[in-house]
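Structural features, examined
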Amino acid sequence: MRVHVADHPLITHKLTVLRDKNTPSPTFRALTEELVTLLAYEATRNVRTEPLEIETPVAVTTGLAISSPRPLVVPILRAGLGMLEGMVKLIPTAEVGFLGMVRNEETLEPHIYAERLPDDLSNRQCFVLDPMLATGGSLIAAIQYLFDRGAVDVTAVCLLGTPEGLASVDAATTGREVTIVLGALDERLNEVGYIVPGLGDAGDRLYGSV
Ligand code: PRP
Ligand code: URA
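Residues numbered from 1 in each chain as written. Chains lettered and ligands numbered in written order. Predicted model: local features only at pLDDT ≥ 70, side-chain atom pairs only at ≥ 80, totals over all residues. Heavy atoms only, no water.

**Focus: the layout of surface pockets**
Over the atoms rolls a probe the size of a water molecule, and in doing so it shows where empty space is left. Roughly 550 Å³ of volume is contained in the largest pocket. Along the wall of the largest pocket there are 27 residues; nearest its centre are Ala-79, Arg-103, Glu-105, Met-132 and Asp-201. Of all the secondary-structure elements, those providing two or more residues to the lining of the largest pocket are β4 (72–77), β6 (98–103), α4 (137–148) and α6 (202–207). Here the residues of the lining of the largest pocket sort into 13 nonpolar, eight polar and six charged. (1 Å grid on protein atoms, 1.4 Å probe; cavity = no way out; pocket = protein on both sides within 12 Å on 5 of 7 lines; lining within 4 Å. Points joined across faces, edges and corners; volume = space filled by probe spheres on them. Helix = DSSP H or I, 4+ residues; strand = E, 2+ residues; numbered from the N terminus. Nonpolar A, V, L, I, M, F, W, Y, C, P; charged D, E, K, R; others polar.)

Pasting the structure below:
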């Protein structure tokens, strides 16, 4: 598993505003989108491409085009939906599939309640969007779901992660092509499975509690 933790003052600045409990939902949503566009730059570093010959007004030259099959972006509902626009801004030709997951707040076990993905993900590069990598349970379940459908490599973009969550994802995906791109690696998980210092419940902060 490869891990990339962002190291850029703009990302840290935006995360600081996001973490602040007084930041209202409209600002939180706007900042989430901006942060994902910045993280997507790193997350798509290994996006598959093929040579493409074009004519400029001056000469013939060979550039690059994103390869077929197109990358698949998978926001994990609910909170991952807040990251979608920021990601597709950078790769507008990507296909988008959805996985709905919720963590049982007593057992911390993830449950998949909705799915809308292509049946066959053979040879597909997938980009999972979920702001919080806490215990890692939700991300492990999402990654396994995609590999079971034939995906070949999965890159997860998360705003915050924990050392405990990263270790669990690593142990559960040994031998697989997995990359995690984080806005920040936080200190730890607390006794109720929240990221510390974190930003609270990402879904609630984006959309309000349901
Ligand atoms: C949050 C978050 C992740 C998950 C992370 O979702 O968006 O999906 O918790 O926790 P884990 O690493 O311990 O599995 P939540 O279950 O609160 O659902 P929501 O997005 O609908 O709010
Ligand atoms: N899910 C969240 O939304 N926040 C956390 O800190 C942990 C899981």
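**Points about the site of ligand 2**
What surrounds ligand 2 is the set Arg-103, Met-132, Ala-134, Gly-193, Tyr-194, Ile-195, Gly-200, Asp-201 and Ala-202. Contacts to ligand 2 include Ala-202, whose backbone N or O atom sits 2.8 Å from an oxygen atom. Here ligand 2, which alone exposes 240 Å², has 89% of that area covered by the protein. Assessed atom by atom at 2 Å from the grid points, ligand 2 resides in the largest pocket. (Near = heavy atom within 4 Å. Polar contact = N/O pair within 3.5 Å; in protein donor to acceptor, adjacent residues only side chain to side chain. Areas by Shrake-Rupley, 256 points an atom, 1.4 Å probe, with all protein chains shown as cover. Sits in = over half its atoms within 2 Å of the grid points.)

**Notes on the nonpolar core**
Ranked by size, the top nonpolar core spans 33 residues in total, and within it Leu-15, Leu-18, Val-73, Met-87, Leu-159 and Leu-160 carry the most contacts. Where this core is concerned, the elements lending two or more residues are α1 (9–19), α2 (25–43), α3 (84–90), β8 (125–129), β10 (153–161), β11 (177–185) and α6. What Leu-160 contacts, discounting residues up to four positions off in sequence, is Leu-15, Arg-19, Pro-131, Met-132, Leu-133, Leu-182, Ala-184, Asp-186, Ile-195, Gly-198 and Leu-199. In terms of nonpolar packing, the next biggest core, distinct from the first, is built from 25 residues, Leu-99, Met-101, Cys-126 and Leu-146 among them. (Core = buried A, V, L, I, M, F, W, Y, C linked by side-chain atoms within 4.5 Å. Buried < 20%, exposed > 50% of the residue type's maximum accessible area, 1.4 Å probe, protein only. Contact = heavy atoms within 4.5 Å.)

**Remarks on the UniProt feature "binding site: 5-phospho-alpha-D-ribose 1-diphosphate" (unreviewed entry) in the protein**
This chain's UniProt record puts "binding site: 5-phospho-alpha-D-ribose 1-diphosphate" (unreviewed entry) on Arg-78, Arg-103, Asp-130, Pro-131, Met-132, Leu-133, Ala-134, Thr-135, Gly-136, Gly-137, Ser-138 and Asp-201. The annotated residues named above include Arg-78, Arg-103, Asp-130, Met-132, Ala-134, Thr-135, Gly-136, Gly-137, Ser-138 and Asp-201 as those lining the largest pocket. Relative to the assigned elements, Leu-133 resides in strand β9 (residues 132–133). Sequence-distant contacts of Leu-133, defined by excluding residues within four places in its chain, comprise Leu-139, Cys-158, Leu-160, Gly-161, Thr-162, Gly-165, Leu-166, Val-169, Ile-180, Leu-182 and Ile-195. Mapped onto the secondary structure, Gly-137 falls in helix α4. (UniProt positions renumbered as here; feature names shortened; annotations may be inferred.)

**Section: the pattern of salt bridges**
Applying the stated criterion across every chain, the model contains twelve salt bridges. With a shortest N-O distance of 4.0 Å, Glu-95 and Arg-70 are connected by a salt bridge. Taken together, the residues span a long stretch of sequence, with Glu-95 in strand β5 (residues 95–96) and Arg-70 in the loop between β3 (60–66) and β4 at a distance of 25 residues. The exposure class of Arg-70 is partly exposed, given its relative accessible area of 40%. (Salt bridge = Lys/Arg side-chain N within 4 Å of Asp/Glu carboxyl O.)

**Observations regarding the packing of aromatic side chains**
The full count for this structure, using the stated rule, is zero aromatic pairs. Over the ring of Tyr-194 we find Arg-103, and its NZ or CZ is 5.6 Å from the ring centre. Sitting above the plane of the Phe-147 ring, Arg-176 keeps its charged end 4.3 Å from the centroid. (Phe/Tyr/Trp six-rings, centres within 6.5 Å; stacked < 30°, edge-to-face > 60°. Lys NZ or Arg CZ within 6 Å of the ring centre and 35° of its normal.)

**Focus: unusual backbone geometry**
Put simply, Ser-68 and Pro-69 share a cis peptide bond, and its omega is -5°. Along the polypeptide, Pro-69 turns up in the loop between β3 and β4. In this structure, Pro-197 follows Val-196 across a cis peptide bond, with omega equal to 5°. Note that Pro-197 resides in the loop between β13 (195–196) and α6. The backbone of Leu-108 shows a phi angle near 65°, a positive value even though the residue is not glycine. As for its position among the elements, Leu-108 is in the loop between β6 and β7 (110–116). The backbone of Asn-123 shows a phi angle near 65°, a positive value even though the residue is not glycine. The topology assignment puts Asn-123 in the loop between β7 and β8.

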